[in-house]
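# Coordinates in review
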Amino acid sequence: MFSPAQCDEIIRYAKAGGVQEAGLVKGRQNDKIRTARIAWLDEDGDAGWVFSQVMATVSAANRSHFKFALTEFAEKVQIAVYDAADGSHFDWHSDIGAGHCAEKRKLTLVAQLSDPLTYEGGRLEMNSTGRVETAAVCWGDATLFPSFTPHRVTPVASGTRCSLTTWVHGPAFL
């Protein structure tokens, strides 16, 4: 979805905007569940092209694979920084739940922003069938999955993993 140079540029945008400790729903903190730092990208300004690329990718993939009723991107794009120095990880969870935006999440997109040769661990794993599957780790590639799919990011053992996550919204699942 992104070239290595574009990935580096997205990481620069995130760092320039400042990173903060990642939390859970409603800002709760629980280091046993999630340890990472995050930044948010606005769709306006220099990062506008990121949104355009994400929207085109999601639209094509949804038509081909999911056929979900999608209406909007109601949340900013999140850049996550998982660092081995603090054992960064995100335990099993789904992205759909209570709350104005979370209840309408239909698809989750996670893009690999870091060169996979620069870190170990930090794998995106999903479990939609009762069997854990690991997402491909190709620099600039993205994984798109239903937001109700249980997934996690395993602890980073060395180096730093950066990823882009966004959610696509539509009428709530019944």
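Residues numbered from 1 in each chain as written. Predicted model: local features only at pLDDT ≥ 70, side-chain atom pairs only at ≥ 80, totals over all residues. Heavy atoms only, no water.

### Comments concerning the nonpolar core
We apply this condition: For this analysis, a nonpolar core means a set of buried residues of the types Ala, Val, Leu, Ile, Met, Phe, Trp, Tyr and Cys, connected via side-chain atoms within 4.5 Å. Burial classes: relative accessible area under 20% of the type maximum marks a residue as buried, over 50% as exposed, and values in between as partly exposed (1.4 Å probe, protein chains only). Numbering of helices and strands starts at the N terminus; helices are DSSP runs of H or I of at least 4 residues and strands are runs of E of at least 2. For this analysis, residues touch if any pair of their heavy atoms sits within 4.5 Å.
Counting residues in hydrophobic clusters, the biggest one holds 26 residues, and the most contacted among them are Phe2, Ile10, Leu41, Val50, Ile79, Leu113 and Leu164. The set of elements that each furnish at least two residues to this core consists of α1 (4-17), β3 (37-41), α2 (48-66), β4 (77-83), β6 (105-112) and β12 (156-169). If near-sequence neighbours (up to four positions away) are discounted, Val50 is found in contact with Phe2, Ile10, Leu41 and Leu164.

### Comments concerning the packing of aromatic side chains
To keep it simple, the criterion reads: To pair, rings of Phe, Tyr and Trp, with the six-membered ring standing in for Trp, must have centres within 6.5 Å; the planes then decide the type, stacked if under 30 degrees apart, edge-to-face if over 60, and tilted in the middle. The rule for a charge over a ring is simple: NZ of Lys or CZ of Arg within 6 Å of the ring centre, and within 35 degrees of the ring normal.
Applying the stated criterion across every chain yields a total of four aromatic pairs. Across the ring face of Trp167, the terminal group of Arg105 is positioned such that the distance to the ring centre comes to 4.2 Å. Sitting over the ring of Phe173, Lys106 keeps its end group 4.6 Å from the ring centre.

### Some remarks on the pattern of salt bridges
Our working definition: Salt-bridge detection follows one rule: a side-chain nitrogen of Lys or Arg within 4 Å of a carboxyl oxygen of Asp or Glu.
All chains considered together, the criterion is met by four salt bridges. Across the pair Arg37 and Asp83 runs a salt bridge whose closest N-O atoms are separated by 3.7 Å. Of this pair, Arg37 sits in strand β3 while Asp83 sits in strand β4; the two residues are 46 residues apart in sequence, bridging distant segments of the chain. In this structure Asp83 comes out as buried when scored by relative accessible area, which is 18%. The residue Asp42 makes a salt bridge to Lys76 at a minimum N-O spacing of 3.0 Å. Of the two residues, Asp42 sits in the loop between β3 and α2 while Lys76 sits in the loop between α2 and β4, which places them 34 residues apart along the sequence. What makes Asp42 partly exposed here is its relative accessible area of 40%. Judged by its relative accessible area of 42%, Lys76 is partly exposed.

### A few points about the sheet that holds strand β9 (residues 133-134)
Filter applied, for reference: In this analysis, strands are considered paired if DSSP registers two or more bridges between them.
As summarised here, the arrangement of the five strands in space is β2-β5-β11-β8-β9, forming an open sheet in which the pairing is antiparallel. Every other strand in the sheet has two partners, leaving β2 (34-35) and β9 as the edge strands with one partner each. As defined by bridge partners, strand β8 (residues 124-126) adjoins strand β11 (residues 151-153) across three bridges and the pair is classed as antiparallel. Across the sheet, Met126 pairs through a bridge with His151, a residue of β11.

In short, the description is geometric, and any link to function would need to be established separately.
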